[in-house]
Number of protein chains: 4
Amino acid sequence: MASVLIVYATDYGNTKAMAEVIAAGVATVPGVTATLKTADEAVSQDINAHDALVLGSPVHMGSPDWRVKKFIDTQCSGVWMRDTGVGKVGAVFGTGSGFGSAGGGIEVTLLALLNNLAELGMLLVPLPKNTPGYTKGGLQWGPYGRTGDEKLNPIGLQPDQLEAARGHGANIARVTAAVAGKKLLGG
Amino acid sequence: MASVLIVYATDYGNTKAMAEVIAAGVATVPGVTATLKTADEAVSQDINAHDALVLGSPVHMGSPDWRVKKFIDTQCSGVWMRDTGVGKVGAVFGTGSGFGSAGGGIEVTLLALLNNLAELGMLLVPLPKNTPGYTKGGLQWGPYGRTGDEKLNPIGLQPDQLEAARGHGANIARVTAAVAGKKLLGG
Amino acid sequence: MASVLIVYATDYGNTKAMAEVIAAGVATVPGVTATLKTADEAVSQDINAHDALVLGSPVHMGSPDWRVKKFIDTQCSGVWMRDTGVGKVGAVFGTGSGFGSAGGGIEVTLLALLNNLAELGMLLVPLPKNTPGYTKGGLQWGPYGRTGDEKLNPIGLQPDQLEAARGHGANIARVTAAVAGKKLLGG
Amino acid sequence: MASVLIVYATDYGNTKAMAEVIAAGVATVPGVTATLKTADEAVSQDINAHDALVLGSPVHMGSPDWRVKKFIDTQCSGVWMRDTGVGKVGAVFGTGSGFGSAGGGIEVTLLALLNNLAELGMLLVPLPKNTPGYTKGGLQWGPYGRTGDEKLNPIGLQPDQLEAARGHGANIARVTAAVAGKKLLGG
C-alpha cells in the first residue's frame, strides 16, 4: 500500500475541485490511496505519514497563495530539517484566471511549489505532454485549471483540464507505488 | 537622442516581425531610434553603442533559442565583465506555439533573458497590464507572440499581440529617454 | 521630492537591519525619502502614496516568507487590479542562512518578489556588479544578507552585505528621482 | 540493466570532471551503467537508447552554456515531439565561478535544464540535503561545482563538491534502476 497526501488552498472552489479529481486519478491505481487536506489544516506529521506530497494553489500575483506558503514555512520546514521527506514523491498543480493569455503566472507559481518539494528531497513528477487532456489542461510542471478567459470573465474548469488532472493523479500514484518504502535518495 | 538595440533570433519570421513592431513602437517616441540585429550578427560593441538592449527569442523547450544564448555567452559576457551596460535599459519579448494552453514555457524563457540583462546591470522594463493589447498579447515580463493554437496548428501573429509589442516599444523608448546618459546605478 | 516604501518581514532582525540600511542608502540621495513598514502593517494605500516599492524577505524553503506573500496577495493585488503601481520603481532584497553554499534559494526567492513587482508594472532595479560590496553581498537581483555559514551556524550580517544594501538603496533612490511623476509606462 | 546518459559542455575541464564523478557514482549501483557525451556529440538517438538523461553545464550569465542549449534545441526537441523520453529519469548539475557569493546564477541555470527535462516528461531527481557533501557541494536542484572564490580567483573543484556529485550519481542510478522499463507516466 502506498498513500498520497494532497494539500491545497482554494478561493472559489476550483482548486478544491482539481484536488478532488487528482485524488480520483490516484485511486484508479490499485493499492494507492489519496488524502485531501487544506493548507490550513495539514501539519508536518501528515507529510511524514504519506509516501507522496502534492501541492496545489491558485495563482496570486505570480506565486502561490499565502496560505500554501504558510503551510510550507511552518510545516514543510520541519520535514526539511529532519530529512523525513527525502525520497518521497512530489508533484504540483494550480488554478488561475489566466489573465493575459500567456499563463497568467502559472509557470513561476508551480516552480515555487516544486522548489519546496525539491528542498524536501522528493522525486518530482512532471506532466508529460502525452497525458490525456494536456493540450488544454496544463504545462510541463503540472495541470493548470485556467478558469477565466483573457478578459478575466469566469468560465470555470474545463473538461480537458480535469482530464489532465486525473491523469496527473494516476501518474503520481504509479510512481509512488514504484518507489514507496525504497531508500533511493540521500545519505 | 537615445537609441535602442533590438537583438533577436527567428525561425519562421514571427520573432523578426515582432522585433520590427517593437522598433516601430520605439520610433513613436520623439528623439529615440531603434536598431535591429539578429543574434548572429550583433556584437558587444553594438550593446556599448546603444542606451537600451531588447532581447527577443522563440521559445524552445522552455528557454531561449541557442543562437540568442550564444550571443549572450560570447557578446554580453564581455559587457558584463567591463560593467559597460550598467544603468542602461533592458527589456524582452518572445514567440512560440503556446502548446499546452498555459504559455508553453514563455515565462521561464523571458526570465532567462531578463536574468542576463539583470547581470548586465540594466533597468528592466516590464509589460504593464494596461498596455494596449495586453489581454491577448503578453505577460508581465513582456509581449508574447503566440503563433499556434493549443494543438500546435499555426495561426500566425495576432493583432493584439502586435499592439502589445508596439506599446512595449513605446514604453521602452520613454524609459530610455528618461535615463539615457544619467549615471543612476552602480559604483 | 520622491519617496520609497520598503516592506519586509523579519525573523531574527536581520531582514529589518538590511531594510534600515537600504533606507539609509536612499536617504543619501537629495530629495528622496524612505519609509519602512513590516509586511503585517503595510497596506495598498502605502504603495499608492510612494514612488517606489522595495520588498525584502528571509528565504524560507526557497521562496518568500508567508507574511510577505500575504501582503502581496491581499494588498498588492488591489494595486494590480487598478493599475496604480504602473511606472513606479520596484526592487528587492533578501536574507537567509545560505545553507548549501550555493545561495540557499535566494535566487528564486528574489524572482518571486520581482514577479509581483513586474505584475504591478514597475521598473525593476537590479544590483549591478560594480555596486560596492557586491562580491560578497548580493546577486544580480538584489543584495543578499547571508547570515549563516555552510553548516547553518549563525554568523550575522557581514559588512560587505550591508555596503551592497546601502548601495542598492542609493541606486533605487536615483532611479526613483529620475522617473517619479513621469508617465513612462502603460496605456 | 539500466543505463544513464550524461551530456555536458565544458570550458576548462571542471564540468567534465564533475560529469566523470557523477558517472563514477552511477557505477557504484549494481546493474546501472553510465555513458558520457559532450553536448556537441550527443544526438537524440542517444537519449532514446538510455533510461536517464543527466545534463550539466557551466553557468554563463545565469543560464546554461549555448552548446548545451543547442543540444536541447536540436536534439531534445525531437524526443519531445515523439514522447520517447516520457517516464525516463532526469537530473542536472552545474559549475561556475560563483561570483557574488550567492550562487552566481546557478539556481536559474539548473532550473532551465530541469525545464527541458520536465518537457520531455522525465521524473526529476533533486539533491536531498542529506546527500554527503551537500553543505558545500550543491543546492536542492543538483550539485554545484563552484570553482572560484568571491573575487573570481580560480580555486578548482572542492572535495565536498565532488562528494555531492558522486552521491547525486548514486541517487540517479538507484531511481533509474527502480523505474526503468516501467510505464509509469503519460497516456
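It should be noted that the structure appears before, not after, this text.
The structure presented is a predicted model; accordingly, all values stated were derived computationally and were not measured. (Residues numbered from 1 in each chain as written. Chains lettered and ligands numbered in written order. Predicted model: local features only at pLDDT ≥ 70, side-chain atom pairs only at ≥ 80, totals over all residues.)

Enquirer: Would you take a moment to explain the overall build of chain A for this structure?
Expert: Counting secondary structure elements, chain A contains six helices and eight strands. Out of the 187 residues in chain A, the part that is buried amounts to 68%. Within chain A, counting contacts between residues at least 6 apart in sequence, those at least 24 apart form 79% of the total. (Helix = DSSP H or I, 4+ residues; strand = E, 2+ residues; numbered from the N terminus. Buried ≥ 20, exposed ≤ 12 C-beta atoms within 10 Å, placed from the backbone. Contact = placed C-beta atoms within 7 Å.)

Enquirer: Where do I start with the interface of chain D and chain A in this structure?
Expert: You'll often see interface size given as the accessible area lost when the parts meet. Listed as interface residues are 29 residues of chain D and, on the opposing side, 29 residues of chain A. Breaking the side of chain D that touches chain A down by element, the ones donating at least two residues are helix H4 (106-119), strand S6 (123-124) and helix H6 (159-179) of chain D. With five residues, the single largest contributor to the side of chain D that touches chain A is H6(D). A breakdown of the residues in the side of chain D that touches chain A according to their chemical character gives 16 nonpolar, eight polar and five charged. (Nonpolar A, V, L, I, M, F, W, Y, C, P; charged D, E, K, R; others polar.)

Enquirer: Help me out: how do you make sense of the relation of the copies chain D and chain A in this one?
Expert: Copy one and copy two of the chain differ by a rotation about an axis and a translation along that axis. Overlaying chain D with chain A gives an RMSD of 0.0 Å, the required rotation being 180° about an axis along which the chain moves by 0.0 Å. The two molecules are tied by a two-fold rotation axis, judged by turn and shift. Considering only C-alpha atoms, the part of chain D nearest the rotation axis is Leu124(D), at 2.4 Å. (Least-squares fit on C-alpha atoms with pLDDT ≥ 70 in both.)

Enquirer: Honestly, the interface of chain C and chain D in this entry has me stumped. Any pointers?
Expert: Taken together, the contact pairs 19 residues of chain C with 18 residues of chain D. Going through the elements one at a time, helix H4 (106-119), helix H5 (134-137), strand S7 (138-139) and strand S8 (142-146) of chain C are the ones with two or more residues in the side of chain C that touches chain D. Of the residues contributing to the side of chain C that touches chain D, the split by class is six nonpolar, seven polar and six charged.

Enquirer: Is there a simple way to explain H4(D) in this structure?
Expert: One turn of an α-helix holds 3.6 residues; hence residues three or four places apart share an orientation. Taking 1.5 Å of rise per residue, the 14 residues of H4(D) would be expected to cover 20 Å, and the 20 Å separating its terminal C-alpha atoms lies within 8% of that figure. Positive phi appears at Gly121(D), one or two residues downstream of H4(D), with a value of about 85°. (Expected span 1.5 Å × (residues − 1).)

Enquirer: Teacher, can you tell me more about the environment of Thr74(A) here?
Expert: Relative to the helices and strands, Thr74(A) resides in helix H3 (residues 66-82). Through-space distance from the C-alpha of Thr74(A) to that of Val125(A) is 24 Å; in sequence the pair is 51 residues apart.

Enquirer: I keep staring at the pairing of strand S5 (residues 89-96) of chain C and nothing clicks. Help me out?
Expert: The two faces of a sheet get side chains in turn, since along a regular strand they alternate between them. Residues and elements named next belong to chain C. Where burial is concerned, most of S5 is hidden: eight out of the eight residues are buried. Residues Val 89, Ala 91, Phe 93 and Thr 95 point to one face of S5 and Gly 90, Val 92, Gly 94 and Gly 96 to the other, with burial holding for every one of them. As paired strands, strand S3 (residues 52-60) and S5 are joined by seven bridges and run parallel to one another. The partner of Ser 57 across the bridge, within S5, is Gly 94. (Pairing = 2+ DSSP bridges.)

Enquirer: Sorry, what's going on with the pairing of strand S2 (residues 32-38) of chain C here?
Expert: Residues and elements named next belong to chain C. Two elements, strand S1 (residues 2-8) and S2, share seven bridges in a ladder whose sense is parallel. By the bridge assignment, Val 4 is partnered in S2 with Ala 34. Note on the crossover from S1 through helix H1 (residues 14-27) to S2: the handedness is right-handed. (Right-handed = clockwise from strand over helix to strand, strands pointing away.)

Enquirer: Explain unusual backbone geometry to me, please; I cannot follow it from the model alone.
Expert: Note: most residues except glycine have negative phi, and most peptide bonds are trans. Residue Met61(A) is not a glycine yet carries a positive backbone phi of 55°. Assignment of secondary structure puts Met61(A) in the loop between strand S3 (52-60) and strand S4 (63-64). Despite not being glycine, Asp83(D) shows a phi value in the positive range, around 60°. Along the chain, Asp83(D) falls in the loop between helix H3 (66-82) and strand S5 (89-96). Owing to 17 C-beta atoms within 10 Å, Asp83(D) belongs among the partly exposed residues under this scheme.

Enquirer: Got a minute to help me understand the environment of Val21(A) in this structure?
Expert: Residues and elements named next belong to chain A. Summarising the element assignment, Val 21 is placed in helix H1 (residues 14-27). On the basis of neighbour count, Val 21 is assigned to the buried category, with 23 C-beta atoms found within 10 Å. For the pair Val 21 and Gly 100, spaced 79 residues apart in sequence, the C-alpha separation works out to 26 Å. The residues touching Val 21, leaving out its near neighbours within four places in the chain, are Leu 162, Ala 165 and Arg 166.

Enquirer: Help me out: how do you make sense of the environment of Tyr144(D) in this one?
Expert: With respect to the helices and strands, Tyr144(D) occurs in strand S8 (residues 142-146). Distance from Tyr144(D) to Thr74(D), taken between C-alpha atoms, is 26 Å for residues 70 residues apart in sequence.

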